[in-house]
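Remarks on the overall topology
Chain residues, written in single-letter form:
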Amino acid sequence: MSLHGKRIILGVTGSIAAYKAVYLLRLLQKAGAEVQVATTPAVEHFVGELSFGALTGKKVFGGLWSENWSEHVALGTWADLLLVAPASANTLAKFAHGLCDNALTAVYLAARCPVMLAPAMDADMYLHPRTRANLERLAADGCTVLPVGQGYLASGLEGPGRMLEPEEILARVEAFFGEKPLSGKRLLLTAGPTREAIDPVRYISNHSTGKMGYALAETARDWGAQVTLVSGPVPLKPPPGVHTIAVESAQDMYDAVHQHAAAQDILILAAAVADYAPAHPASQKIKKQGSELNLELRKTPDILRSLGETRRPDQVLVGFALETSNAEAHARAKLTEKRLDFIVLNTLEDPGAGFGHDTNRITIIGRDGSAESFPLKSKQAVAQDILRKVISLWE
């Protein structure tokens, strides 16, 4: 997708992630966009205006008390998009409450174009109820609020709050302006773990966090699909604009999937469903007694196999395989056994892949025997690779 002819205001705020905005600016320009930079005063503590001005060939709009103090009005009508990256907690709060004390907040209030925000801050700030409320208010006002990454932060803590990488933000901008490749398609996704009750307080489960499935749901939504997400118990918030159905057990997930499967064009099962469940869960808490406790387990319903047996010929069916040994052989066997169009393989042997990470490294194995391996990427970028493969099946 080219951004040729698009006019973008790149808003930059006082955040350690401001250095990434320089690279993002170059990516936007290489994609064909005309970019004007607007900043808050705190940006000078991180990246100088000279860097942005040299790349754009334009004077940065960084102050209300200069000869171009009224430029916010002209920029507000000039741009096709106001992209604020990074968007600090302070600036987000000002946007949410209509405060106007610097050049960027003035541009925001004067803008007649869509607004896209890429938050960047420390984990505690991002998770604070006031910040969450501000983001929700801005989304309700029509702003596109991008997700954040999770990992090591400038404070030395680890958690959510990292700004998306510039390549990911560029992809979001291109998707915003581009044709929606999944427009008119219905897509059902599963994500997260299932919990199989032992008694009212204990269960069997796994380490799935749902991040891969949620990234797929958000990307498919952005690409125009009508998305139904059947999610096991995860700490993630339901993605806006996605019909999310919360379930607990494998049987719950089986029932929800089959309730909606017939109406779908695409079925992607990314959940880590328990293969076995206690055969006779106790109605009361099991008290500690003796040195051993034996549990009788039964197989849970095989959701993927059941879809492979009942799906329409025009439906696309995709499964996942997380392996620890003989990865490709096991994935190919599952592909054939479950009658999939392709399977997404990842392995715990690869650092940064699998449960709990914000990154993944996958190999897509097709029904025709093909195998395409990808380098370690963010799960948002991996979601795009998977959905491009889906689209290629129709070409």
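Please refer to the structure higher up on the page.
No experiment lies behind these values; they were computed from the predicted model shown.

With that out of the way, let us pick up the packing of aromatic side chains. For the structure on display, the rule yields 2 aromatic pairs. Ring geometry for phenylalanine 95 versus tyrosine 108: centroids 4.1 Å apart, planes at 15 degrees, classification stacked. Note that phenylalanine 95 is positioned in helix α4 (residues 89–97) and tyrosine 108 in helix α5 (residues 103–110), a separation of 13 residues in sequence. By the burial criterion, phenylalanine 95 is buried, and tyrosine 108 matches it. Where phenylalanine 176 meets phenylalanine 177, the ring centres are 5.2 Å apart and the plane angle is 80 degrees; that geometry is what we call edge-to-face. Classification of phenylalanine 177 as buried rests on a relative accessible area of 18%. The residue whose ring lies beneath lysine 185 is tryptophan 394, and the NZ or CZ to ring-centre distance is 4.4 Å.

The next subject is the nonpolar core. The tendency in soluble globular proteins is for nonpolar side chains to be buried side by side. Core analysis: the largest hydrophobic core is formed by 34 residues, its most contacted members being Leu187, Leu216, Ile268 and Ile386. Broken down by secondary-structure element, the contributors of at least two residues to this core are β8 (186–191), α9 (211–222), β11 (226–231), β13 (266–269), β16 (316–323), β17 (342–347) and α13 (379–392). With residues up to four places along the chain from it excluded, the contact list for leucine 187 reads Ala220, Ala225, Gln226, Val227, Thr228, Gln264, Ile266, Ile268 and Leu387.

Attention shifts here to the sheet that holds β8. What the 8 strands build is an open sheet, ordered β12-β11-β8-β13-β16-β17-β19-β20; its pairing is mixed. Strands with a single pairing partner mark the edges of an open sheet, and in this sheet they are β12 (243–246) and β20 (371–373). When strand polarity is set aside, the average angle formed by the axes of neighbouring strands in this sheet is 15 degrees. Here β8 runs beside β13; their pairing, made up of 4 bridges, is parallel. Across the sheet, residue leucine 189 finds its bridge partner in β13, namely isoleucine 268. Packed onto the sheet, helix α12 (residues 327–337) meets β16, β17, β19 (363–366) and β20 and runs at close to 155 degrees relative to β17.

Here we come to the environment of leucine 109. Following the sequence through the fold, leucine 109 ends up in helix α5. Linking leucine 109 and glycine 98, residues 11 residues apart in sequence, is a C-alpha distance of 7.2 Å. Beyond its immediate stretch of four places on either side in the chain, leucine 109 contacts Gly98, Leu99 and Cys100.

Once that is clear, we can look at a nonpolar patch on the surface. Side chains of Tyr276, Leu293, Leu295 and Leu297 sit close together on the surface and give an oily, nonpolar patch of about 390 Å² of accessible area. With respect to the secondary-structure elements, leucine 295 resides in the loop between β14 (276–278) and β15 (297–299).

Time to look at the sheet that holds strand β2 (residues 34–39). Adjacent strands of a sheet pair through backbone hydrogen bonds, lying either parallel or antiparallel. Taken together, the 5 strands give an open sheet; going across it, the order is β2-β1-β3-β4-β5, and neighbouring strands pair in parallel fashion. Here the strands that pair on one side only, and so sit at the sheet edges, are β2 and β5 (144–145). Sheet topology note: the strand β1 (residues 7–12)/β2 ladder contains 6 bridges and is parallel. Note on β2: the bridge partner recorded for glycine 11 is alanine 38.

On to the state of the cysteines. Enumeration according to the criterion identifies 0 disulfides in this entry. For cysteine 143, which is in no disulfide, the shortest distance to another cysteine sulfur is to cysteine 113 and amounts to 10 Å. Judged by its relative accessible area of 10%, cysteine 143 falls in the buried class.

Taken N-terminus to C-terminus, the directions of helix α1 (residues 18–30) and helix α8 (residues 166–177) make an angle of 40 degrees; their axes are 9 Å apart at the nearest point. Our classification of the angle between α1 and α8 gives oblique. The way α1 lies across α8 gives a crossing that is right-handed. Together, Lys20, Tyr23, Leu24, Leu27 and Leu28 of α1 and Pro166, Glu167, Ile169, Leu170 and Val173 of α8 make up the contact between the two elements. Grouping the amino acids of the contact of α1 with α8 by side-chain chemistry returns 8 nonpolar, no polar and 2 charged.

Reading the values: rules and limits
- Residues numbered from 1 in each chain as written.
- Predicted model: local features only at pLDDT ≥ 70, side-chain atom pairs only at ≥ 80, totals over all residues.
- Heavy atoms only, no water.
- Phe/Tyr/Trp six-rings, centres within 6.5 Å; stacked < 30°, edge-to-face > 60°.
- Helix = DSSP H or I, 4+ residues; strand = E, 2+ residues; numbered from the N terminus.
- Buried < 20%, exposed > 50% of the residue type's maximum accessible area, 1.4 Å probe, protein only.
- Lys NZ or Arg CZ within 6 Å of the ring centre and 35° of its normal.
- Core = buried A, V, L, I, M, F, W, Y, C linked by side-chain atoms within 4.5 Å.
- Contact = heavy atoms within 4.5 Å.
- Pairing = 2+ DSSP bridges.
- Axes fitted to C-alpha atoms, helices over the stretch in contact; angles between N-to-C directions.
- Patch = residues over 30% accessible without salt bridge, like charges linked within 9 Å, V, L, I, M, F, W, Y side chains within 5 Å.
- Areas by Shrake-Rupley, 256 points an atom, 1.4 Å probe, with all protein chains shown as cover.
- Salt bridge = Lys/Arg side-chain N within 4 Å of Asp/Glu carboxyl O.
- Disulfide = S-S within 2.5 Å.
- Parallel < 35°, antiparallel > 145°, perpendicular 65-115°, else oblique.
- Left-handed = near helix turned anticlockwise from the far one by under 90°.
- Nonpolar A, V, L, I, M, F, W, Y, C, P; charged D, E, K, R; others polar.

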